[in-house]
Amino acid sequence: MRLVAVEPESCPTLTRGSYAYDFGDTVGLTPLVKMHTLGHGFVPAPLHAGGLRYHGMAPLVCKLYDEGVIEAVSVPQLATFQAALQFARTEGIIPAPESAHAIKVAIDEAERAKQEGKKRAIVFNLSGHGNFDLGAYEAYLAGKLQDYEYPAEKIAEALRGVPQVKA
């Protein structure tokens, strides 16, 4: 069994962040939590990213990733919305953009299995409907959304503000 966490390329906490103690808020008032983080000073790009724009990841998910129990991938925004529309047209449910990230990778995994000639059971979490995200879908369909890969130098800059904690 494989477990795959999926995140946007524009906010790649697991795939490109550091596993360190950091604040859970941008001001630095919360207790320090060990997580994969882009630094509490991380400022996300002004784009949708399916609502997934937080600088860190849940500590339990981070521990599972650090221990190699789960994998992580990041996906671009346009392909995520394309997968969401494919799902909506097929299943009759408009998925929340957050869920659409998982849908994108589920579709990729199904296509990979088909190419390999293997049967696989693929399960993903549909955590919500996209009824409150119709503006994002409208922007996608109008060509107003863009892909954005967060620059390595910006991640390095934000990570410089992470507290140095000796384990």
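Structure: see above.
Residues numbered from 1 in each chain as written. Predicted model: local features only at pLDDT ≥ 70, side-chain atom pairs only at ≥ 80, totals over all residues. Heavy atoms only, no water.

**Student:** Which parts of the structure should I look at to understand the layout of surface pockets?
**Tutor:** A probe matching the size of a water molecule, rolled over the atoms, marks out where space remains unfilled. Taken as a whole, the largest pocket encloses approximately 1,000 Å³ of empty space. What lines the largest pocket is a set of 34 residues, among which Leu3, Val4, Ala5, Val6 and Ala102 lie closest to the centre. Among the elements of the structure, β1 (4–8), α1 (13–16), β4 (71–75) and α4 (97–116) are those that each provide at least two residues to the lining of the largest pocket. In terms of residues, the lining of the largest pocket owes the most to one element, α4, which gives seven residues. For the lining of the largest pocket, a count of residues per class yields 22 nonpolar, six polar and six charged. (1 Å grid on protein atoms, 1.4 Å probe; cavity = no way out; pocket = protein on both sides within 12 Å on 5 of 7 lines; lining within 4 Å. Points joined across faces, edges and corners; volume = space filled by probe spheres on them. Helix = DSSP H or I, 4+ residues; strand = E, 2+ residues; numbered from the N terminus. Nonpolar A, V, L, I, M, F, W, Y, C, P; charged D, E, K, R; others polar.)

**Student:** Hey, could you run me through helix α5 (residues 134–141) in this one?
**Tutor:** Structurally, the α-helix is built with 3.6 residues per turn, so residues lying three or four positions apart point the same way. Restricting attention to buried positions, one finds in α5 the residues Ala136, Tyr137, Ala139 and Tyr140. Burial along α5 is one-sided: seen end-on, the buried residues are contained in an arc of 160 degrees. Structural note: α5 exposes Glu138 and Leu141 on the side pointing more than 90 degrees away from its buried face. Those residues of α5 that are buried lie in contact with α3 (77–91) and α4. (Buried < 20%, exposed > 50% of the residue type's maximum accessible area, 1.4 Å probe, protein only. Arc of directions from axis to C-beta. Contact = heavy atoms within 4.5 Å.)

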